[in-house]
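Secondary and tertiary structure notes
Listed below are the residues making up each chain.
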Amino acid sequence: MSRVRHGIALCVVVAAACFIATAPAEAGVYVGPYGAGGTLNVYETVDTPATWADAQAIAQSRTDPLFGTGVTGNLVAINSQAENDFIHSISGGEGTWIGATDETVEGEWRWVNDGTQFWQGGSAAEGGYPVAGSYVNWQPDEPNDLAQYGPAGEDYGFMDYGGDIGWWFDFWGDTEPWPYVIEYETERDTAIPEPATLSLLGFAAVVLLRRRGTKR
Ligand SMILES: [Ca+2]
Ligand SMILES: [Ca+2]
Ligand SMILES: [Ca+2]
């Protein structure tokens, strides 16, 4: 499929998904070509704040809301500048948890979806470095495991602190609730939902239209 046709298909599906998914007024559903080999993954932004651990537990309790594949979620793992730009865009740049943590071994930063280590150590100035050429986008002074708010330091990945530009920070995640982004690694090669999901989307659209009709 050409890039243009691919893009058109994406727009149609994303528009339908957002229409449905924003009904509870707390989430948006998106598709991005950031799976293995450029395949399509599903992303869900959740505006209701949660601690990092609660957000990850919620992500794992949910399944792909768009394609109906049954794939469960994780807090987003970011593996390229393009995916980082995408997450920065859909999350609104106002601060969001991402699926990075060094809670198991201090300084061993891993993605929570598959445990891959992408960073070793503190900030680059302190000798920290990306593992196996991994993509990273730390703010220049991060991660710094700041301990001023408690002895545990900072063990959870956060993007866009203070309306930033897609930079990452380590942050204390056990008490601070923030919005978050869930990634469902559907790795689809087509943006067309399964027939069962399509009929569900159609049914929901009909219900919404009828409700609107009765209000007028
Ligand atoms: Ca990803
Ligand atoms: Ca840490
Ligand atoms: Ca920090």
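Residues numbered from 1 in each chain as written. Chains lettered and ligands numbered in written order. Predicted model: local features only at pLDDT ≥ 70, side-chain atom pairs only at ≥ 80, totals over all residues.

With that out of the way, let us pick up the overall build of the protein. Counting secondary structure elements, the protein contains four helices and ten strands. Of all 216 residues assigned to the protein, the portion counted as buried reaches 34%. Considering only residue pairs separated by 6 or more positions, the protein has 57% of its internal contacts joining residues 24 or more positions apart. (Helix = DSSP H or I, 4+ residues; strand = E, 2+ residues; numbered from the N terminus. Buried ≥ 20, exposed ≤ 12 C-beta atoms within 10 Å, placed from the backbone. Contact = placed C-beta atoms within 7 Å.)

Moving on: the confidence of the model for the protein. Overall, the prediction assigns the protein a mean pLDDT of 83, with 76% of residues at 70 or greater. Confidence drops under pLDDT 50 across residues 1-25; counting only partners more than four residues distant or on other chains, this segment forms 25 contacts. Within the model, the stretch residues 203-216 combines pLDDT values under 50 with three contacts to residues more than four positions away or in other chains. (pLDDT = per-residue confidence, 0-100.)

The next subject is the nonpolar core. The tendency in soluble globular proteins is for nonpolar side chains to be buried side by side. Leu-75, Val-76, Trp-97, Ile-98 and Ile-182 are the most contacted members of the largest nonpolar core, which totals 41 residues. The biggest single contributor to this core is strand E10 (residues 178-188), with five residues. Apart from residues no more than four positions distant in its own chain, Val-76 is found in contact with Tyr-43, Ile-87, Ile-98, Gly-99, Val-181, Ile-182 and Glu-183. (Core = buried A, V, L, I, M, F, W, Y, C linked by C-beta atoms within 7 Å.)

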